[in-house]
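Coordinate analysis (summary)
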Amino acid sequence: MNTEETEIMMTRKRNTILAGVAVLAAAGLGAGVAVAISSPGQPPAPAPAASSAASASPGYSWYQSMMSGRYGSGAGTPMMGGSSFGSYGWMMSQAGYRWMTGAGAPWPGWMTSSLPAGMMGTAMMGGGTDPGKVMGTLFANAPGPRVTAAQATALASQAPAGAQVAVAANTITFTTTTVRLAIVASPPGGHDETFRVAGLVNPDIIVPAGARVTIQIVNADPDTAHGLVVTASGATASWMPMMTARPAFTGSALWFLGNPTAAGMHAGTIAFTAATPGTYHYLCAVPGHAQKGMAGTFTVR
Ligand SMILES: [Cu+2]
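In what follows, the accompanying structure is described.

Calculation criteria
- Within every chain, residues take consecutive numbers counted from 1 along the sequence as written.
- Side-chain atom pairs in this predicted model are given and counted only at pLDDT of 80 or more, local residue features only at pLDDT of at least 70, and totals for whole chains, interfaces and linings cover all residues.
- Calculation of side-chain values draws on the structure's entire complement of heavy atoms; hydrogens and water are dropped beforehand.
- Water is not among the atoms examined, so metal sites may look incomplete; donors are the N, O and S atoms within 2.8 Å of the metal, or within 3.2 Å for Na, K and Ca.
- Site shape is set this way: if four donors have all angles between 85 and 135 degrees, tetrahedral; if opposite donors are over 155 degrees apart and all others between 65 and 115, square planar for four donors and octahedral for six; otherwise irregular.
- Put simply, DSSP H or I for four residues or longer makes a helix, DSSP E for two residues or longer makes a strand, and each gets a number counted from the N terminus.
- Nine residue types can take part in a nonpolar core, namely buried Ala, Val, Leu, Ile, Met, Phe, Trp, Tyr and Cys, and a core is a set of them joined through side-chain atoms within 4.5 Å.
- Here the term buried applies to any residue with accessible area under 20% of the maximum for its type, exposed to any over 50%, and partly exposed to those in between, with areas from a 1.4 Å probe on protein chains only.
- Here, residues are in contact when the closest pair of their heavy atoms is within 4.5 Å.
- Two strands qualify as a pair provided that DSSP identifies no fewer than 2 bridges between them.
- Axis lines are fitted through C-alpha atoms, for helices just across the contact stretch, and the angle between N-to-C directions can take any value from 0 to 180 degrees.
- Planes of paired rings set the category: under 30 degrees apart is stacked, over 60 is edge-to-face and the rest tilted, where pairs are Phe, Tyr or Trp rings (Trp by its six-membered ring) whose centres lie within 6.5 Å.
- As used here, the arc belongs to the directions running from the helix axis to the C-beta atoms.

**Overview of the coordination of the copper ion**
Tetrahedral coordination by four donors places them ideally at 109.5 degrees to one another around the metal; octahedral coordination by six donors ideally gives 90 or 180 degrees. Every protein donor of the copper ion is accounted for by His 226 (ND1), Cys 284 (SG), His 289 (ND1) and Met 294 (SD), and the metal-donor separations fall at 2.0 to 2.7 Å. One can describe the site at the copper ion as tetrahedral: its 4 donor atoms subtend angles covering 85 to 134 degrees at the metal. Written as a sequence motif, the donor residues of the copper ion are H-x57-C-x4-H-x4-M. In this pair, His 226 sits in strand β9 (residues 226-232) while Met 294 sits in the loop between β12 (278-283) and β13 (295-300), placing the two residues 68 residues apart along the sequence.

Listed below in C-alpha cells is the structure:
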C-alpha cells in the first residue's frame, strides 16, 4: 500500500470511529432534549438559573451542524460498515435524527433493548480513543440548560432539603415522597470519574418506595462526557453500560452531557417515580466510567 492509500485508509478508519461515537452521542442528545421537554417538575432547589429547555428543533439544527462540521457533505458514506444504517445523507435527515434520538421518547428505544448488531461494534472499542473525551468534545456545544462553575460547586456540596446526610456512613436518606437532589459529575478537587452529592463521593442514596425523584445532573469535568442512569444491580461491572444498563424506572436515564464551555456546564434533569422497592445503582453510562467507580447504590425501601 502506498502512502496515499494508507492515508485514505486511516481517514476512513477515523471517520468510522467518529461516526460510531456520533450515533451513540446523538442518542444522548435526544434523551437530554426529551427530558427537557417532558420534565414536569422544577429543578432541585435552590436551582441556579438555567437557560430555557431546548426544544426538539434547536436540537436537530445543532445536530445537523455538528454532523456536517465533523463529516462534511459526504452523502453516501457507509456508516458503521452496516448497510442497514443507510448513508450519511440519511443520518442527516429529520428521519435519521428521529430514529437515533428515539423521537422524543424518554430515551432512545434501541438503547433500552439490545442494540442492532454492528451499530457500535468495534467502533467504540478500538483505536485507543477515549469515548468519553470524544463524546465530551462532540457535545460541548449541544443545546440545553447550563450552570456556572460556581453554581456547580455549590450544588455539589449542598445538602438536599429534607434529607439526612450521614458523612461517616456515606449515606443520604430521604423519608419524604418528594425527593430532589443534585449530582455533580467529576467536580474539581476530587478524583476523576466520581459523583459528588451533598459533599459526599458516590454516597448511598436511600428513598422511600413511591417517591417522586428529581435529579439535576451537572457535568463539571472539563474534558470528559458524563451522565447518570439509575439501573438494576450488576451493571457497574460493564465497560459499556450504554449497551447493558436499562433504566430501572421510566425516565431514570440521562446518558451523558458534553464538556463545559464558556457558556457554562451542561445541567440535565431527570425525573422518575421510584415505584418498586429494591437495591439499584446509579452510574455513569459513558464507556469505562462505571468500572472505574463512577457509581453508587440507590435503595428504594
Ligand atoms: Cu462518566
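**Brief notes about the nonpolar core**
The biggest cluster of nonpolar side chains holds 48 residues, and the ones touching the most others in it are Leu 181, Val 207, Val 213, Ile 215, Leu 228, Phe 272 and Phe 298. Sort the elements by how many residues they give to this core and strand β10 (residues 253-257) lands first, with 5 residues. In this structure, Val 147, Val 184, Met 265 and Ala 267 belong to the second largest nonpolar core, which totals 10 residues.

**So, unusual backbone geometry**
If a residue is not glycine, its phi is most likely negative; likewise, a peptide bond is most likely trans. The phi dihedral of Ala 198 falls on the positive side, at around 50 degrees, and the residue is not glycine. Tracing the backbone shows Ala 198 in the loop between β5 (195-197) and β6 (200-201). With a relative accessible area of 11%, Ala 198 lands in the buried category. Of note, Asn 202 is a non-glycine position whose phi angle comes to about 45 degrees, a positive value. Counting through the fold element by element, Asn 202 comes out in the loop between β6 and β7 (204-207).

**Description of the side chain of Thr 173**
Position of Thr 173 relative to the elements: it lies in strand β3 (residues 171-174). When sequence neighbours within four positions are dropped, the list of residues in contact with Thr 173 reads Gly 162, Ala 163, Gln 164, Ile 206 and Arg 301.

**Side note on the pairing of β13**
By the criterion of burial, β13 is predominantly enclosed, with 5 of the 6 residues buried. With 3 bridges connecting them, β7 and β13 associate as parallel partners. Note that in β13 the partner of Ile 205 across the bridge is Phe 298. Taken together, the 6 bridges between β12 and β13 define a ladder with antiparallel strand orientation. Paired with Gly 278 across the two strands is Val 300, which belongs to β13.

**Some details on the sheet that holds β13**
Read across the sheet, 7 strands follow the order β2-β3-β7-β13-β12-β9-β10 without closing on themselves; strand pairing throughout is mixed. The open sheet has two edge strands with one neighbour each: β2 (163-166) and β10. Strand-to-strand twist of the sheet, defined as the mean angle between neighbouring strand axes without regard to direction, takes the value 20 degrees. Relative to β12, β9 runs antiparallel, the two sharing 4 bridges. Bridging across to β12, Val 229 finds its partner in Leu 283.

**Here we look at the sheet that holds strand β1 (residues 146-147)**
Judged by pairing direction, the sheet is mixed, and its 6 strands sit side by side in the order β1-β11-β8-β4-β5-β6 without closing on themselves. Both edges of this open sheet fall to β1 and β6, since each of them pairs with a single strand only. When strand β4 (residues 178-185) meets β5, the two strands line up antiparallel, connected through 2 bridges. Pairing of Ala 185 across the sheet is with Phe 195, part of β5.

**Observations regarding the packing of aromatic side chains**
Following the criterion strictly, the structure yields 5 aromatic pairs and no others. Each ring, one from Phe 195 and one from Tyr 282, has its centre 5.6 Å from the other, and the planes form 55 degrees; the classification is tilted. Pair noted here: Phe 195 is in strand β5 and Tyr 282 is in strand β12, with a separation of 87 residues, a long-range link. Here Phe 195 falls in the buried class, since its relative accessible area comes to 0%. The class for Tyr 282 is buried, based on a relative accessible area of 1%. Members of the aromatic cluster, each reached through a chain of ring pairs, are Phe 249, Phe 272, Tyr 280 and Phe 298.

**Some details on helix α6 (residues 131-138)**
By the criterion of burial, α6 is predominantly enclosed, with 6 of the 8 residues buried. By the burial criterion, the buried members of α6 are Pro 131, Gly 132, Val 134, Met 135, Gly 136 and Leu 138.

**As for helix α7 (residues 149-157)**
When α7 is considered as a whole, its buried residues turn out to be Ala 152, Leu 155 and Ala 156. Down the axis of α7, the buried side of the element spans an arc of 100 degrees, and every buried residue falls inside it. Among the exposed residues of α7, those pointing more than 90 degrees away from its buried face are Ala 150 and Thr 153.

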